[in-house]
Amino acid sequence: MTAHGLGHLTRVFGSTPITAGDGARLLKAKQDQVRHGNRLGIPAIAHEECLTGFTAYGATVYPTALAWGATFDEALIESMASAIGADMAAVGIHQGLSPVLDVVRDLRWGRVEETMGEDPYLVSLLGSAYVRGLQSAGIVATLKHFAGCAASQGARNHAPVSIGRRELADTVLPPFEMAVRDAGVKSVMNSYADLDGMPPVVDHALLTGLLRDSWGFDGTVVSDYYAILFAQQMHAVAADRAGAARLALTAGVDVELPQTDTFSTISAQLSRAR
């Protein structure tokens, strides 16, 4: 996997119960393996989940995001996120997969506890505060899920999203725009659910036209886990993995997570072409 380049190391601390000390040693070993496995000696970016704290065995757990919404306290959320980021930075983590900026209106959705509630303005303020706090500690924050994940039909995870342009602009997009324009977030993650038939992971108008060209985002777009593969397997917009990879790259996805399932097919093709 390292021969053609490996962008990220996925959840070295959070995939199995492991203490921070053991995780740091394991991460170093994996980074050495990555550096020695590619011709340029470049290490990988290490990312972890961190919504309610650094996801490692024994690490501090903070209140759920719904509780953040109840505080209406930007300074408190920024301080919390800064503490989370400091824990992660101390053991070699570079990127955190938070905050969740989905504005939820249907309590049947199975990830309501990850959200800050139903008000776009409140989510915008507190989400941006979280971004500022986490990034003040040197950890790249990741907005998710861009966009419309919580507005799926029947509140089913991964289900299609049928939404008008006005509701999208007034309810779904403001938290993401504020985090980009005001908080300077460095990474954005796509949503699994399609927006009116278009999977965000292959949507050039969304990931490049709106996010980069209109809002001025200059960070990295990372795929939600297996989202590019799902473009082929679930959304059926590509015939094979290489086709899904081309669509995602063209749309504006920079990094495939959790591993290079589809991007590696293009790397291998380029290597053979050389």
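Provided above is the structure to which this section pertains.
On a predicted model such as this, the values are computed, not experimentally measured, just so you know. (Residues numbered from 1 in each chain as written. Predicted model: local features only at pLDDT ≥ 70, side-chain atom pairs only at ≥ 80, totals over all residues. Heavy atoms only, no water.)

Some points on the side chain of Thr171
By the secondary structure assignment, Thr171 is in helix H5 (residues 165-172). For Thr171, a relative accessible area of 11% puts it in the buried group. With near-sequence residues (within four places) excluded, Thr171 lies in contact with Val103, Arg105 and Pro120. (Helix = DSSP H or I, 4+ residues; strand = E, 2+ residues; numbered from the N terminus. Buried < 20%, exposed > 50% of the residue type's maximum accessible area, 1.4 Å probe, protein only. Contact = heavy atoms within 4.5 Å.)

Structural notes on the packing of helix H4 (residues 120-136) against helix H6 (residues 174-181)
It is at 8 Å that the axes of H4 and H6 come closest, and there the two elements cross at 35 degrees. Here H4 runs over H6; the crossing is right-handed. Each of Pro120, Val123, Ser124, Leu125, Ser128 and Val131 in H4 lies in contact with H6, whose residues at this interface are Pro174, Pro175, Met178 and Ala179. Among the residues making up the contact of H4 with H6, the classes are represented as 8 nonpolar, 2 polar and no charged. (Axes fitted to C-alpha atoms, helices over the stretch in contact; angles between N-to-C directions. Left-handed = near helix turned anticlockwise from the far one by under 90°. Nonpolar A, V, L, I, M, F, W, Y, C, P; charged D, E, K, R; others polar.)

A few points about the layout of surface pockets
The volume enclosed by the second largest pocket comes to roughly 270 Å³. As for the second largest pocket, its lining consists of 16 residues, of which Leu6, His8, Leu9, Thr10 and Lys30 are closest to the centre. For the lining of the second largest pocket, the elements supplying multiple residues, two or more each, are strand S1 (8-10) and helix H1 (20-37). If you tally residues by element for the lining of the second largest pocket, the top one is H1, at 4 residues. Grouping the amino acids of the lining of the second largest pocket by side-chain chemistry returns 7 nonpolar, 7 polar and 2 charged. (1 Å grid on protein atoms, 1.4 Å probe; cavity = no way out; pocket = protein on both sides within 12 Å on 5 of 7 lines; lining within 4 Å. Points joined across faces, edges and corners; volume = space filled by probe spheres on them.)

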